[in-house]
Structures are given as structure tokens and as C-alpha cells.
Amino acid sequence: MIKFSLPRGDEYRAMGRSCVDDDAWLAAYEAIARGFAAYERDAIEVYATPRLS
């Protein structure tokens, strides 16, 4: 993704929310470890807010 352009903060956070909002992604993340989808969403939020806003 960054090959084309750096995502804006809201775009990057939207990708993080898709980890829990999209059933297919939620299942994929939760298959790795219980709670991983929410962890990934939260980590993206923490990263994106100060750096990409």
C-alpha cells in the first residue's frame, strides 16, 4: 500500500477497524489467537493517531 502513497490517518484507522468489523477478517485474526483482531485494531489506532493525522 505504501508503494503508492502513505495512507491518511483515517484510512489507516479504517483498515484497523476492518479487523473486527469484517466477518472474514475477524475470523482470520481470531484463528491466530483469541482477541487478536481487537489487539490489531487497537495497535493501528495507537500508531496512526499521532503519526498519520
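Residues numbered from 1 in each chain as written. Predicted model: local features only at pLDDT ≥ 70, side-chain atom pairs only at ≥ 80, totals over all residues. Heavy atoms only, no water.

**Student:** In this structure, what is going on with the overall build of the protein chain? I would like to understand it.
**Tutor:** Broken down by element type, the protein chain carries three helices and zero strands. Starting at the N terminus and walking to the C terminus, you meet the elements of the protein chain as α-α-α. If you line up the protein chain on its principal axes, its C-alpha atoms span 30 × 20 × 15 Å. Every one of the 53 residues in the protein chain was classed for burial, and the buried ones make up 19%. Across the protein chain, contacts joining residues at least 24 apart in sequence account for 45% of those joining residues at least 6 apart. Accessible area of the protein chain: about 4100 Å², with a carbon and sulfur share of 58%. If you average the places of the 7 positive and of the 9 negative side-chain charges in the protein chain, the two averages end up 6 Å apart. (Helix = DSSP H or I, 4+ residues; strand = E, 2+ residues; numbered from the N terminus. Buried < 20%, exposed > 50% of the residue type's maximum accessible area, 1.4 Å probe, protein only. Contact = heavy atoms within 4.5 Å. Areas by Shrake-Rupley, 256 points an atom, 1.4 Å probe, with all protein chains shown as cover. Lys, Arg positive; Asp, Glu negative; His and termini not counted. Charge placed at Lys NZ, Arg CZ, Asp CG, Glu CD.)

**Student:** How do you make sense of the environment of Pro7 when you look at a structure like this?
**Tutor:** Among the structural elements, Pro7 can be located in the segment before helix 1 (9–21). With a relative accessible area of 12%, Pro7 lands in the buried category. Taking C-alpha positions, Pro7 is 9.8 Å from Ser53, a pair spaced 46 residues apart along the chain.

**Student:** Is there a simple way to think about helix 1 in this case?
**Tutor:** Because the α-helix completes a turn every 3.6 residues, residues three or four places apart line up on one side. In a regular helix each residue adds 1.5 Å, so 13 residues correspond to 18 Å; helix 1 covers 18 Å between its end C-alpha atoms and thus fits that length. Regarding helix 1, the residues found buried are Gly9, Arg13, Gly16 and Cys19. Summarising the axial view, the buried residues of helix 1 lie within an arc of 90°, below the 170-degree limit, and thus occupy one face. Buried residues in helix 1 make contact with helix 2 (23–32) and helix 3 (36–52). (Expected span 1.5 Å × (residues − 1). Arc of directions from axis to C-beta.)

**Student:** Help me understand the packing of helix 2 against helix 3 in this model?
**Tutor:** Any two packed helices are characterised by the angle at which their axes cross and by the distance between the axes. In the contact formed by helix 2 and helix 3, the axes pass within 7 Å of each other and the chain directions differ by 105°. It follows from the interaxial angle that helix 2 and helix 3 lie roughly perpendicular. Between helix 2 and helix 3, the residues in contact are Leu26, Tyr29, Glu30 and Ile32 and Phe36, Ala37, Ala38 and Glu40, respectively. Tallied by class, residues from the contact of helix 2 with helix 3 come to six nonpolar, no polar and two charged. (Axes fitted to C-alpha atoms, helices over the stretch in contact; angles between N-to-C directions. Parallel < 35°, antiparallel > 145°, perpendicular 65-115°, else oblique. Nonpolar A, V, L, I, M, F, W, Y, C, P; charged D, E, K, R; others polar.)

Fair warning: the whole summary comes from geometry, so function is off the table for now.
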